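These are the residues of each chain, in order.
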Amino acid sequence: MARTLASTIVAEATSSSLRPVTFVDLEFDGGAIWLWNGIGSITVASTTYSGVGSFLSVSSITEIEAVKSTGVNISLNGIQSNILANAFNEDYQDRPVTIYLGFMDSDNAFIDRVQLFKGRLDVMTIHESGGVASITVSAENILVGLERVRHRRFTHEDQQKQFPNDFGFQYVVSLQQKELTWGQS
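What you are looking at is a predicted structure, and each value in this text was computed from that prediction instead of being measured. (Residues numbered from 1 in each chain as written. Predicted model: local features only at pLDDT ≥ 70, side-chain atom pairs only at ≥ 80, totals over all residues. Heavy atoms only, no water.)

**Some details on the pairing of strand β4 (residues 47-51)**
- Bridging between strand β2 (residues 31-36) and β4 involves two bridges; their strand directions are parallel. Note that in β4 the partner of Leu35 across the bridge is Ser50.
- Direction of pairing for strand β3 (residues 41-44) relative to β4: antiparallel, over a ladder of four bridges. Considered in β4, the bridge of Ser41 is made with Ser50. (Pairing = 2+ DSSP bridges. Helix = DSSP H or I, 4+ residues; strand = E, 2+ residues; numbered from the N terminus.)

**A few points about the pattern of salt bridges**
- Scanning the model with the defined rule gives two salt bridges in all.
- The network of salt bridges with shared partners includes Asp29, Asp91 and Arg95. (Salt bridge = Lys/Arg side-chain N within 4 Å of Asp/Glu carboxyl O.)

**Here's the deal with the environment of Arg95**
- With respect to the helices and strands, Arg95 occurs in the loop between α2 (84-89) and β7 (96-104).
- You can call Arg95 buried: its relative accessible area is 15%.
- Sequence separation between Arg95 and Asp29 is 66 residues, and the spatial gap between their C-alpha atoms is 8.4 Å. (Buried < 20%, exposed > 50% of the residue type's maximum accessible area, 1.4 Å probe, protein only.)

**Quick look at the nonpolar core**
- Counting residues in hydrophobic clusters, the biggest one holds 17 residues, and the most contacted among them are Val24, Leu26, Ile74, Val97 and Leu121.
- At the level of elements, β1 (20-28), β6 (71-80), β7, β8 (110-129) and β9 (132-141) are the ones that each hand at least two residues to this core.
- Contact partners of Leu26, with chain neighbours within four places excluded, come to Gly31, Ala32, Ile33, Ile74, Pro96, Val97 and Leu121. (Core = buried A, V, L, I, M, F, W, Y, C linked by side-chain atoms within 4.5 Å. Contact = heavy atoms within 4.5 Å.)

**A short note on the side chain of Thr98**
- Structurally, the position occupied by Thr98 is in strand β7.
- Residue Thr98 is classed as buried on the basis of its relative accessible area of 2%.
- Setting aside residues up to four positions removed in sequence, Thr98 forms contacts with Phe23, Val24, Asp25, Gln115, Phe117 and Lys118.

**Details of the confidence of the model for the protein**
- When pLDDT is averaged along the protein, the result is 81; 82% of the residues meet or exceed 70.
- For the protein, per-element mean pLDDT is lowest for helix α1 (residues 7-14), which scores 65, and highest for β7, which scores 90. (pLDDT = per-residue confidence, 0-100.)

**Some remarks on the environment of Asp105**
- Here Asp105 shows up in the loop between β7 and β8.
- Within the local environment of Asp105, its side chain forms a polar contact with the backbone nitrogen of Asp107, the two atoms lying 2.9 Å apart.
- At a separation of 2.9 Å, a polar atom in the side chain of Asp105 contacts the main-chain amide nitrogen of Ala109. (Polar contact = N/O pair within 3.5 Å; in protein donor to acceptor, adjacent residues only side chain to side chain.)

**Notes on the environment of Thr47**
- The residue Thr47 is located in strand β4 in this model.
- Thr47 gets classed as buried once you look at its relative accessible area, which sits at 17%.
- The spatial distance from the C-alpha of Thr47 to the C-alpha of Trp34 is 7.7 Å, given a sequence separation of 13 residues.

**Digging into the packing of aromatic side chains**
- On inspection of all chains with the given rule, the structure shows four aromatic pairs.
- An angle of 15° between the planes, with centres 5.9 Å apart, marks the rings of Phe23 and Trp36 as stacked. Remark: Trp36 occurs in strand β2 and Phe23 occurs in strand β1; sequence separation between them is 13 residues.
- On the basis of relative accessible area, Phe23 is assigned to the buried category, the value being 0%.
- Centre to centre, the rings of Phe23 and Phe110 are 5.8 Å apart; their planes meet at 85°, and the pair counts as edge-to-face. Remark: Phe110 occurs in strand β8 and Phe23 occurs in strand β1; sequence separation between them is 87 residues.
- Stacked on the ring of Tyr100, the Lys or Arg Arg113 has its end atom at 3.8 Å from the ring centre. (Phe/Tyr/Trp six-rings, centres within 6.5 Å; stacked < 30°, edge-to-face > 60°. Lys NZ or Arg CZ within 6 Å of the ring centre and 35° of its normal.)

This is how it looks when you write it as structure tokens:
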């Protein structure tokens, strides 16, 4: 299904003063982190993004015609080593991440944005040197869920693990050997 872009994005993308910016939403149990690659704070859709300037980088995002998961790497460079404890203590795997491409006008006013990537965080790599660190986290597209094996069974016991008050599978075992006669009185 083709996506139509807002006229403001089309106008900005075709203007001679193109000012693209990147917004990253990271959702953790301890709270969400909203970053953008500008300076200072900016509020977009009632979310305040913290500017980290050129310390934030996002690898190229590819889109393919096949129904297949593609990934992206998000890096945050120049972090003080004492802040790394937060990265070590946070449960980051399989947490939602969304990346947007936004546009600013020549007066640095926000115009609009479009979602480029939505997925789940996967593997974090930390490099530390001289008291300064960089964190790179890979993220997989939400389509990676199609490749995962589901370990669910159509049994009463399995249903009770997830839905304790649901007895819809209670008689499945007894129905397997049940003989049904159709069309006879």
